[in-house]
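What the coordinates show
Next come the chains, spelled out residue by residue.
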Amino acid sequence: MARITPRPTRVGLVAGGLGAYWPQFPALLPKLQASAREVSARLAALDCEVVDVGFISDEREGARAADRLRAADCDLIVGFLTTYMTASMLVPIAQRAGAPVLLLNLQPTEAMDHDTFDTGDWLAYCGACPLPEMANAFRRCGVEFRSVSGYLADERAWTRIERWVRAAGVRAALRTGRHGLLGHLYPGMMDVATDPTLVSAQLGGHVEILEIDDLRVRVEKVTGAETDARVALAREAFTLDSSVVDEDLRWGARVSVALDRLVDDFALDSLAYYHRGLDGETHERVGAGFILGASLLTARGIPACGEYELRTSLAMLMFDRLGAGGSFTEIQALNFRDGVVEMGHDGPAHLAISARRPLLRGLGTYHGKRGWGVSVEFDVAHGPVTAFGLGQLRDGTFRFVAAEGTVTGGPLLQIGNTTSRVDFGRDPGEWVDAWSATGVDHHWALGTGHRVADLAAVADLLGIELVVVGPGGGA
């Protein structure tokens, strides 16, 4: 199944300098405009849509640029300080654009040629001069901003710029996202209960409340041919254990087709679900048939997780948009002999980050849940990983909680669960104590790569606290 392609991150770009210089130093403006074209091209290469409103020379041109960028509905506004310019040229843009602001100070090369440069040449390197002015004015005007300083070919600077662009894409995915919440809370799970209004208030987007019958009716309409095709897809994507019962595989495939229809009909970007059911009746069977389809959806970029875990499905969405995958995870056990935390979950998983070809295992009983069927089993790709969850505090405020570790090889349970052995660089018991003290749920997303720097950028754009549980001490 093809992976969805989200709308590209829309980056507004405005470059500028002080117009009083142009008649004094005729060669300066063309140099600065060439630098602006280079920045525009580098931004476009970051897999984003660049809305380039050109070069401004005074506050009136800045006001006109502000109107154009506001109309473009950008996810990030980049102000390129090519030389000195007054704060009055950029403050209106920052105030009106309705998007986070990133200021760039990228001089042409690493250093000036002091023996040959005249005043006009120096001014092309003077982008650092107005940065404190901008910062002061933005703060006094109540405008949040961030900045990156370097030179045009400085890959360290471009790594930071790319991080802000990715973070803006995550913010956009949340701001415009539609998040399905199907069924009801798993009884007694007080930590996962989430007020949908708080999601819209703190992250943006819309939470669509769904019922199990929204899926049941679609399951009933799936044809035999559609089920056959989905079974064939499952055989391509998974290794099938001998415990898989053909009837259960076909049921999971049928529910998978219906899940795709549900996602399409409600234009969902993520899904959290749970339904209990009773004694094998239809609703129980539908609720038990999610795992195959939810895993395929997650691999396509539409994260789906069980136990009505809305905040974790949002964490999975953020990780997916950062390119980290993001698989539904909880603590399973501690291995003090090997110094690892064993973590994973029964049910859906992000197939794209599996260490091996994922396995479908047949289960006659789902632990703690009603029903039976097929479940996904694998461990996350070995190497650096990050655990990431959305905690919630007493006043309802969300917080990001993250920890970087490493998935290592070793013995794994073979019970139809995803399981990964994660070394967080400290005693497993101490890590669990510090992690639990942050207010995180008992579920979270596990993604590939060390992602704390990326999450810090996302948290900054959203105005949300990030708590990092490190290897050397507490949170």
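Refer to the preceding data block for the structure.
Structural notes, computed from the coordinates. (Residues numbered from 1 in each chain as written. Predicted model: local features only at pLDDT ≥ 70, side-chain atom pairs only at ≥ 80, totals over all residues. Heavy atoms only, no water.)

Helix and strand counts for the chain stand at 16 helices and 19 strands. Taken over the C-alpha trace, the chain has a radius of gyration of 25 Å; the compact-globule value for 475 residues is 23 Å, and the two agree within 12%. Dimensions of the chain, computed from C-alpha atoms along their principal axes, come out at roughly 85 × 50 × 45 Å. Counting contacts in the chain only where the partners sit at least 6 residues apart, residues at least 24 apart contribute 77% of the total. Summed over all atoms, the accessible surface of the chain reaches about 18,700 Å², with 51% contributed by carbon and sulfur. For the chain, the distance from the average site of its 45 positive side-chain charges to the average site of its 60 negative ones is 3 Å. (Helix = DSSP H or I, 4+ residues; strand = E, 2+ residues; numbered from the N terminus. Rg over C-alpha atoms; globule rule 2.2 N^0.38 Å. Contact = heavy atoms within 4.5 Å. Areas by Shrake-Rupley, 256 points an atom, 1.4 Å probe, with all protein chains shown as cover. Lys, Arg positive; Asp, Glu negative; His and termini not counted. Charge placed at Lys NZ, Arg CZ, Asp CG, Glu CD.)

Applying the stated criterion to the full structure yields 11 aromatic pairs. Ring centres 5.3 Å apart and planes at 55° place the aromatic pair Phe319 and Phe388 in the tilted group. A residue pair is termed long-range when its members are at least 10 positions apart, and Phe319 in helix 14 (residues 310–321) and Phe388 in strand 15 (residues 383–392) qualify at 69 residues. The exposure classification of Phe319 matches that of Phe388, with both residues buried. (Phe/Tyr/Trp six-rings, centres within 6.5 Å; stacked < 30°, edge-to-face > 60°. Buried < 20%, exposed > 50% of the residue type's maximum accessible area, 1.4 Å probe, protein only.)

Rolled over the atoms, a probe as big as a water molecule pinpoints where empty space is left. When its volume is computed, the largest pocket comes out at roughly 650 Å³. As for the largest pocket, its lining consists of 28 residues, and the residues nearest its centre are Pro6, Arg7, Pro8, Thr9 and Arg321. Mapped by element, the contributors of at least two residues to the lining of the largest pocket are helix 7 (155–175) and helix 14. With 7 residues, the top contributor of residues to the lining of the largest pocket is helix 7. Of the residues that constitute the lining of the largest pocket, the class distribution is 13 nonpolar, 6 polar and 9 charged. (1 Å grid on protein atoms, 1.4 Å probe; cavity = no way out; pocket = protein on both sides within 12 Å on 5 of 7 lines; lining within 4 Å. Points joined across faces, edges and corners; volume = space filled by probe spheres on them. Nonpolar A, V, L, I, M, F, W, Y, C, P; charged D, E, K, R; others polar.)

We now examine the side chain of His350. Considering the arrangement of structural elements, one finds His350 in the loop between strand 12 (340–346) and strand 13 (359–363). Of the polar contacts made by the side chain of His350, one reaches the backbone oxygen of Thr298; its length is 3.4 Å. Leave out the neighbours within four places in its chain, and His350 touches Thr298, Ala299, Asp320, Gly325, Gly326, Ser327 and Phe378. (Polar contact = N/O pair within 3.5 Å; in protein donor to acceptor, adjacent residues only side chain to side chain.)

What follows covers the sheet that holds strand 7 (residues 206–210). Pairing is parallel in the open sheet, where 4 strands are placed in the order 7-6-9-10. Edge positions in the sheet fall to strand 7 and strand 10 (304–305), since each of these pairs with one other strand and no more. As defined by bridge partners, strand 6 (residues 178–183) adjoins strand 9 (residues 270–274) across 5 bridges and the pair is classed as parallel. Counterpart to Leu182 in the pairing with strand 9 is Tyr273. In the packing of helix 13 (residues 290–299) onto the sheet, the strands contacted are strand 6, strand 9 and strand 10, and the crossing angle to strand 9 comes to about 165°. (Pairing = 2+ DSSP bridges. Axes fitted to C-alpha atoms, helices over the stretch in contact; angles between N-to-C directions.)

Moving on, we come to empty space enclosed by the protein. Summed over the entire model, instances satisfying the criterion amount to 4 cavities of 30 Å³ or more. There is about 190 Å³ of room inside the largest cavity. Forming the walls of the largest cavity are 19 residues, and the residues nearest its centre are Tyr273, Tyr274, Gly287, Tyr366 and Lys369. Elements represented by at least two residues in the lining of the largest cavity include exactly strand 9, helix 12 (282–288), helix 13 and strand 12. It is helix 12 that contributes the most residues to the lining of the largest cavity, 3 residues altogether. Residue composition of the lining of the largest cavity, grouped by class: 8 nonpolar, 5 polar and 6 charged.

What follows concerns the nonpolar core. With 71 residues, the main nonpolar core has Val39, Leu43, Phe80, Leu104, Leu106, Ile161 and Phe400 as its most contacted residues. Setting aside its immediate chain neighbours within four residues, Leu43 contacts Val11, Leu13, Cys48, Val50, Trp158, Ile161 and Val165. By size, the runner-up hydrophobic cluster in this structure holds 38 residues, among which are Leu233, Val341, Phe424 and Val440. (Core = buried A, V, L, I, M, F, W, Y, C linked by side-chain atoms within 4.5 Å.)

What follows concerns the environment of Leu103. With respect to the helices and strands, Leu103 occurs in strand 4 (residues 101–107). Sequence-wise, Leu103 and Ala437 are 334 residues apart; in three dimensions their C-alpha atoms are separated by 36 Å. Those residues in contact with Leu103, other than ones at most four positions away along the chain, are Gly79, Leu90, Leu131, Met134, Phe138, Phe145, Arg146, Ser147 and Val148.

Glancing now at the pairing of strand 11 (residues 325–335). Where strand 11 meets strand 18 (residues 444–448), 4 bridges bridge the pair, whose relative direction is antiparallel. Counted as the bridge partner of Ser327 is Leu446 from strand 18.

Such coordinate-based values are descriptive only and should not be taken to indicate function.
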